[in-house]
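# Architecture at a glance
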Amino acid sequence: NGVNHEGVGSQDTNTLILVHIFAGGKKAVGFSISRDDLVTYPQAYDGQTEGKIDGAYAYAYVQYVSEHFGKEDSKDLYLHANQAGQAATIATVQSVTGQHIDHFVEMNLEGFYYLAAAFNGIEVCILPAPAQGGFSAGANLTDFVPATGTNNSGFNAFKDGYNAKQGGPQYLHLGAAQSLAYVRARDTLPGVDLGRTKRQQAVIDYVIYELKHEGVLTDISKLNTLLGSADQYLITDSGFNLFDFATDMSALSGQHLSFQTLPYTPENDVTVPGYPSPQDVNIINVPYIQSLVKTAFEPAQSAAGASTATSTATSGTQSPGDQVVGAKAATAPSTTAPSTTGPSTTGPTATATPSSSSGTGSSGTGGTVTVSPNAPYGVPCVY
């Protein structure tokens, strides 16, 4: 599904993260939403009423283009098509989680590359995965799939200094290109998309740590420089002020940031409307998800026995100053980022306990990344 216009690829959403930032920016709770979650859309998009959650953006985009092609100039047509996709994504996430979304941030993968470059790369702690899913132990250290001979993301930890003789969890410094490859890799990871989600969560934790550690959030000059770069690659709603948002986050550190992945039960070979062949999808329990998110976003009310979440979209009651932000990362343009990865050095051996990966069923909790800073970089160790 989606549209292919001048080589830019489909508009399907690659990554969805819903974040609740409590008043004052001193605490944040986030839920990653797996792109293969099977949902009922709040309205028909391009004739589809059911499909994967990542398709909402693409269907609405295609519908707008189909209905307005030749009626608007090219610039306006694709601007408005993207806005239609954004609105569809927001409405769908709201209907699944039962939470009103206050703000929206969109970045494409090219933007991630250049932001990673602005940070002089990303520090990660990678843990070799056990043998799983037909892959040998440690297969996650690259994205190479022997059965197909492909490495779709290009990720290779050994090229960035992973010491095979030493083994175990290790810190690595990834340049911009390998940082992008790290968050895109999925084929060799335990849980596939779930594994990729954990990597993305860990990178967000590192960025928060680094912003605080380098004093960016409290240095107006540094903040303006960073936001000037980010503004080229981020799309936000008109009411979202990046500068105010960044300064509100100045009190946030790793131990005050927690992520989960919305729970699901994977099923294979499912017939999905709009797809020419059976698909691998995630079956979700919407009332359970809404209850889970409500408890995390409104802990005081939940503890006091506040109303039970239903399967319809509702506006969550929040404290003054609280914000719920939906983040969408689109598929990358066809432009290939430069392959300059910078120094490939092995960081200190990680001593942290690997993050939990338990529970992906609809009756359990989602795979959780425990965000407790591990010296020296403050990032969780993941596969």
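Presented here is an overview of the structure given in this document.

So, how was this worked out
Residues numbered from 1 in each chain as written. Predicted model: local features only at pLDDT ≥ 70, side-chain atom pairs only at ≥ 80, totals over all residues. Heavy atoms only, no water. Helix = DSSP H or I, 4+ residues; strand = E, 2+ residues; numbered from the N terminus. Buried < 20%, exposed > 50% of the residue type's maximum accessible area, 1.4 Å probe, protein only. Axes fitted to C-alpha atoms, helices over the stretch in contact; angles between N-to-C directions. Left-handed = near helix turned anticlockwise from the far one by under 90°. Contact = heavy atoms within 4.5 Å. Nonpolar A, V, L, I, M, F, W, Y, C, P; charged D, E, K, R; others polar.

### Regarding the environment of N120
Tracing the chain through its elements places N120 in the loop between α3 (109-118) and β6 (122-126). On the basis of relative accessibility, which here comes to 61%, the residue N120 falls in the exposed class. For the pair formed by N120 and G175, sequence separation is 55 residues and the distance between their alpha carbons is 6.7 Å.

### Let's talk about unusual backbone geometry
If you check the backbone angles, D46 has positive phi at about 50° while not being a glycine. Its location among the elements puts D46 in the loop between β3 (38-45) and β4 (48-52). D46 sits in the partly exposed class, given a relative accessible area of 34%. The backbone phi angle of N120 is positive, close to 60°, even though this residue is not glycine.

### Some remarks on the packing of helix α1 (residues 55-68) against helix α2 (residues 74-97)
Interaxial distance between α1 and α2 falls to 7 Å at its minimum, and their mutual angle equals 145°. Here the hand of the crossing between α1 and α2 comes out right-handed. Facing A56, Y57, A60, Y61, Y64, V65 and H68 of α1, the residues of α2 in contact are L77, Y78, H80, A81, N82, A84, G85, Q86, A88, T89 and T92. Broken down by class, the residue content of the contact of α1 with α2 amounts to eleven nonpolar, seven polar and no charged.

### Here we look at the environment of I101
Tracing the chain through its elements places I101 in the loop between α2 and β5 (103-107). On the basis of relative accessible area, I101 is assigned to the buried category, the value being 8%. Residues I101 and H20 lie 81 residues apart in sequence; the distance between their C-alpha atoms is 9.1 Å.

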